[in-house]
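Okay, here's what each chain looks like letter by letter:
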Amino acid sequence: MSEPLLSVQGLTLDFETRKGRVKALEDISFSLARGEILGIVGESGSGKSVLSFAIMGLLDAAARMRSGAIRFEGMDLAQKGAVAALRGRELSMIFQSPRTALNPIRRVGQQIEDVLVRHGPMPRAKAREAAVAAIARVRIPDAERRARAFPFELSGGMCQRIMIAMALACSPSLLIADEPTTGLDVTTQAVVMDLIRDLVKETRMGAILITHDLALAGEYCDRLMVMHAGHVVETAPTESLFGALRHPYTRRLFAATPTAAATLDDLAVIPGALPDLRGTLPFCRYRDRCERCEPDCDSGPVPFDVIAPDHAVRCRHPA
Amino acid sequence: MSVLLDARNLSKRYPVRHGGRTGQLHAVDDVDLAIAEGECVGLVGESGCGKSTIARLAARLLEPSAGRLLFAGTDIGAVPLRRFTTRPERAAIQVVFQDPTESLNPGFTVFAAVADPVRHLLGTGNAAAVEARVWRAIDDVGLPRALAQRYPHQLSGGQKARVGIARAIAVEPRLLILDEPTSALDVSVQSVVLKLLGELRTRRRMSYLFVSHDLDVVRLICDRIAVMYLGKIIEIGTTESLLRVPAHPYTRALLAATPDPKRRGLQIARLAGTATSPIDPDPNSCRFAGRCPLEFSRCSVEMPALRPLATDQAAACHLAGVLP
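Residues numbered from 1 in each chain as written. Chains lettered and ligands numbered in written order. Predicted model: local features only at pLDDT ≥ 70, side-chain atom pairs only at ≥ 80, totals over all residues.

Colleague: Got a sec to walk through the overall build of chain B? Specific residues and values, please.
Modeller: Scanning chain B from N- to C-terminus turns up 11 helices and 12 strands. Scaling as 2.2 N^0.38, a compact globule of 324 residues should have a C-alpha radius of gyration of about 20 Å, and chain B matches this with 21 Å. Seen along its three principal axes, the alpha-carbon backbone of chain B occupies a region of about 65 × 50 × 45 Å. The buried share of chain B, reckoned over its 324 residues, is 47%. When contacts within chain B are restricted to residue pairs at least 6 apart in sequence, long-range pairs at least 24 apart make up 67% of them. (Helix = DSSP H or I, 4+ residues; strand = E, 2+ residues; numbered from the N terminus. Rg over C-alpha atoms; globule rule 2.2 N^0.38 Å. Buried ≥ 20, exposed ≤ 12 C-beta atoms within 10 Å, placed from the backbone. Contact = placed C-beta atoms within 7 Å.)

Structure representation (structure tokens):
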């Protein structure tokens with residue numbers, strides 16, 4: 001196999017806060033190929049956004065990378081200045097809530113031009129044309145006119161498409177979409193997700209979809225990675241994962257999505273809450289919420305076992 | 001079962017100015033909707049379809065432009081907003097709002113937030129009686145009593161959602177209006193809240209008007225579902241029937257848009273574009289015309305009426321009941 005587009009190896013990351021060290025990520029490893037969509041799934045607080053910020057080099061000053069490596073096309077992104085040179089051009093991100101991410105008093109076309117001028121780099125006159133083309137590429141009809149609109153003149157789904165247009169303006173190789181459809185209608189969500197999927201296949205970029213909705217990730221991603229409290233608990237190609245959900249947390253998380261339940265009684269609840277990531281943590285961070293917990297669960301670091309081709313689980317007693 | 005809330009020909013129009021002339025924005029247009037005692041009715045549709053306006057009309061937070069709104073036989077739509085606050089129905093109809101973080105007063109402790117409506121709406125001056133009600137509500141939503149003196153910023157999202165519900169049920173309403181109660185929540189918190197709502201409904205014998213854009217959520221909790229499009233109810237029926245044989249093309253499109261891992265890799269036809277303008281819509285055209293995949297000549301000259309079908313539902317489409 002050729003070199004992956006993105007590879008993260010053994011990433012461990014803490015935050016030094018006044019109230020102690022927050023162990024946000026521990027031993028995260030994965031890789032992403034061109035043309036592939038990877039879904040990172042978990043509850044809020046599981047570390048999925050921190051992971052994407054780490055890749056994008058957008059971490060808070062309190063963050064400390066203890067070990068591991070993040071490589072983009074073989075380049076070490078942890079090196080000073082490496083990410084800054086790539087961000088916006090090669091690495092791009094779509095944020096949650098498009099309305100707050102867009103500048104409310106600047107026309108959307110100009111905002112895309114700004115990105116092109118800064119990261120392209122491209123002269124302003126040329127950028128104008130390219131911005132309209134970028135808007136047309138995300139299937140917005142009448143792109144010329146829409147480019148002159150302010151964010152408040154556009155619907156939520158339209159704003160999100162503008163965000164995607166902006167993220168894709170410089171033809172990045174890697175796109176990270178952090179909950180790109182939260183707050184959108186299901187019909188708009190479907191259109192936006194179809195668009196992301198089709199653009200990934202067309203342009204052969206790699207994409208990471210961050211979401212708490214396992215059903216959504218299951219429909220659109222090629223591979224899934226389930227996170228809980230800073231650990232990757234299960235990862236597999238989507239078909240293989242849904243063929244057999246092995247980690248107790250993955251099973252619960254899916255059973256808690258309305259899609260999976262026939263009636264309200266079937267709908268599962270995940271007991272307890274995420275552990276406090278400060279102080280000493282058990283080896284298995286899910287143990288206090290787990291129904292399959294055994295005395296040996298805390299006997300040592302939980303191995304990340306490969307149980308089927310490309311399907312790995314961090315659990316001593318998988319289902 | 002007797003009818004608790006009965007909306008008849010209910011409309012809400014807003015005067016707007018566009019292109020130099022004044023027009024009417026039809027937020028809710030001639031809607032009939034009845035909710036029986038103990039029943040849960042779901043109201044679904046895209047943003048801007050008027051579902052939240054119906055919720056606000058039913059809670060009497062808005063003045064209807066036309067139509068009647070009967071609550072247990074009394075026309076509460078005819079009571080002016082200012083006078084409604086002192087009516088007994090004010091306590092009998094309560095609302096749980098969308099975002100628990102935005103809808104709680106940051107300066108109120110949990111206890112104070114729940115006690116506030118009890119004091120104002122029930123007019124009980126007796127501190128012990130107020131306290132008893134507040135504790136009962138807090139216990140009923142499964143909030144530990146130890147959290148009662150906390151402020152919203154000291155609570156998790158799920159706990160805040162519980163406070164929002166406790167606040168609404170403390171005055172023992174007969175109708176609870178839920179305006180997108182889970183759409184701002186994580187999947188894990190959403191499942192807890194949905195189960196809690198299901199449980200409370202049986203225990204406290206309330207009726208629900210459950211507003212959501214997500215059919216998958218509504219289906220789990222509602223007896224009947226009404227689907228709205230541009231101010232109109234375009235399909236209504238029992239949950240079972242509506243989901244098994246959706247008759248309106250819009251309902252079908254909504255169902256097809258719900259994410260499902262089983263549909264991975266399939267290219268599904270999506271609704272193109274956005275809804276037409278709600279300002280002075282053509283009274284002789286189907287509201288869904290222009291976006292409907294099955295549109296034919298009759299659709300733009302004759303608005304289809306909501307008509308009952310052989311199944312437990314009614315749909316406003318010329319092709320309803322004929323479609324495979």
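There is more to say after this.
Colleague: Run through the interface of chain A and chain B, naming residues and quoting values.
Modeller: Taken together, the 32 residues of chain A in the interface contact 29 residues of chain B. Every element with two or more residues in the side of chain A that touches chain B is listed here: α8 (186-203), α9 (214-220) and α10 (238-243) of chain A. Of the residues assigned to the side of chain A that touches chain B, the class counts are 16 nonpolar, 11 polar and 5 charged. (Nonpolar A, V, L, I, M, F, W, Y, C, P; charged D, E, K, R; others polar.)

Colleague: Any details on the packing of helix α4 (residues 108-119) of chain A against helix α5 (residues 124-137) of chain A? Residues and values, ideally.
Modeller: All names here are of chain A. Axis separation between α4 and α5 bottoms out at 8 Å; the angle between their running directions is 120 degrees. Taken together, the axes of α4 and α5 lie oblique to each other. In this structure, α4 crosses over α5, and the sense of that crossing is right-handed. The residues of α5 that touch α4, namely those facing Gly-109, Ile-112, Glu-113, Leu-116 and Val-117, are Arg-124, Ala-127, Arg-128, Ala-130, Ala-131, Val-132, Ala-134 and Ile-135. Residues of the contact of α4 with α5, tallied by class, amount to 9 nonpolar, 1 polar and 3 charged. (Axes fitted to C-alpha atoms, helices over the stretch in contact; angles between N-to-C directions. Parallel < 35°, antiparallel > 145°, perpendicular 65-115°, else oblique. Left-handed = near helix turned anticlockwise from the far one by under 90°.)

Colleague: Tell me about the packing of α5 of chain A against helix α7 (residues 156-168) of chain A, and name the residues and values.
Modeller: Angle between the axes and distance between the axes: these two values describe a pair of packed helices. Residues and elements named next belong to chain A. For the pair α5 and α7, the least separation of the axes is 9 Å and the interaxial angle reads 125 degrees. As far as their axial angle goes, α7 and α5 are oblique. Regarding α5 and α7, the two cross each other, and that crossing is right-handed. Contact with α5, carried on its side by Ala-134, Ile-135 and Arg-137, involves Ile-162, Ala-165 and Leu-168 of α7 and no other residues of that element. In terms of residue class, the contact of α5 with α7 is built from 5 nonpolar, no polar and 1 charged.

Colleague: Give me the lowdown on unusual backbone geometry, citing residues and values where you can.
Modeller: Here Asp-27 of chain A, not a glycine, exhibits a phi torsion of approximately 50 degrees, which is positive. For Asp-27 of chain A, the location among the structural elements is in strand β2 (residues 20-32).

Colleague: An account of the sheet that holds strand β10 (residues 232-238) of chain B is requested, with residue identities and associated values reported.
Modeller: Residues and elements named next belong to chain B. Strand order in the open sheet formed by 8 strands is β6-β7-β8-β3-β9-β10-β12-β11, with mixed pairing between adjacent strands. What marks the edges here is a single partner per strand, and that holds for β6 (93-96) and β11 (307-308). Note that β11 and strand β12 (residues 313-315) share 2 bridges and pair antiparallel. Bridging from a neighbouring strand, Pro-308 pairs with Ala-314 of β12. Of the strands in this sheet, β6 and β7 (175-179) are in contact with helix α7 (residues 157-169), which crosses β6 at around 175 degrees. (Pairing = 2+ DSSP bridges.)

Colleague: Summarise helix α8 (residues 187-204) of chain B; cite the residues concerned and give the values.
Modeller: Compared with the 26 Å implied by 1.5 Å per residue over 18 residues, the 25 Å span of α8 of chain B between its first and last C-alpha is a close match. Residues of α8 of chain B that are buried include every one of Val-187, Ser-188, Val-189, Gln-190, Ser-191, Val-192, Val-193, Leu-194, Leu-197 and Leu-200 of chain B, and no others. Residues of α8 of chain B that are buried sit in contact with α11 (248-255) of chain A together with α6 (127-140), α7 and α9 (215-221) of chain B. After α8 of chain B finishes, the residue Arg-205 of chain B shows a positive phi value of roughly 50 degrees. (Expected span 1.5 Å × (residues − 1).)

Colleague: Can you break down the environment of Leu-216 of chain A residue by residue, with the values?
Modeller: Within the secondary structure, Leu-216 of chain A sits in helix α9. With 27 C-beta atoms packed within 10 Å, Leu-216 of chain A lands in the buried category. As a C-alpha pair, Leu-216 of chain A and Ala-190 of chain A span 26 residues in sequence and 9.3 Å in three-dimensional space. Leu-216 of chain A has contacts with Thr-211 of chain A together with Pro-259 of chain B, leaving out every residue within four places of it along the chain.

Colleague: Summarise the pairing of strand β10 (residues 231-237) of chain A; cite the residues concerned and give the values.
Modeller: All names here are of chain A. The buried fraction of β10 amounts to 6 of the 7 residues, a majority that puts the element mostly inside the structure. In this structure, strand β9 (residues 223-228) lies alongside β10, joined through 6 bridges in antiparallel fashion. Bridging across to β10, Leu-224 finds its partner in Ala-236. Across 2 bridges, β10 lies against strand β12 (residues 311-314) in antiparallel orientation.

Colleague: Describe the sheet that holds strand β8 (residues 206-211) of chain A, naming the residues involved and giving the relevant values.
Modeller: Residues and elements named next belong to chain A. Pairing within the open sheet is mixed, and its 8 strands lie in the order β6-β7-β8-β3-β9-β10-β12-β11. In this open sheet, the two edge strands, each paired with only one partner strand, are β6 (91-94) and β11 (304-308). Mean inter-strand twist for the sheet, computed between neighbouring axes without regard to direction, equals 20 degrees. This element, helix α1 (residues 48-56), spans β3 (37-41), β6, β7 (174-178), β8 and β9 of the sheet and lies at about 150 degrees to β7. Running at roughly 100 degrees to β9, α11 makes contact with β9 and β10 of the sheet.

Colleague: I'd like to hear about α1 of chain A, residue by residue, with values.
Modeller: Taken across its 9 residues, α1 of chain A has 7 buried, putting it largely inside the fold. For α1 of chain A, the complete set of buried residues consists of Lys-48, Ser-49, Val-50, Leu-51, Ala-54, Ile-55 and Met-56 of chain A.

Colleague: Which residues make up the nonpolar core, and what values go with them?
Modeller: Ala-165 of chain A together with Val-114, Ala-166, Leu-209, Phe-210 and Val-227 of chain B are the most contacted members of the largest nonpolar core, which totals 192 residues. Tallying contributions element by element places α7 of chain A first for this core, with 9 residues. Setting aside chain neighbours within four positions, we find Phe-210 of chain B in contact with Cys-40, Val-41, Gly-42, Leu-43, Leu-178, Val-218, Ile-221 and Cys-222 of chain B. (Core = buried A, V, L, I, M, F, W, Y, C linked by C-beta atoms within 7 Å.)

Colleague: So what's going on with the pairing of β2 of chain A? Residues and values would help.
Modeller: Taken together, the 9 bridges between strand β1 (residues 6-17) of chain A and β2 of chain A define a ladder with antiparallel strand orientation. Within β2 of chain A, the position partnered with Leu-11 of chain A by the bridge is Ile-28 of chain A.

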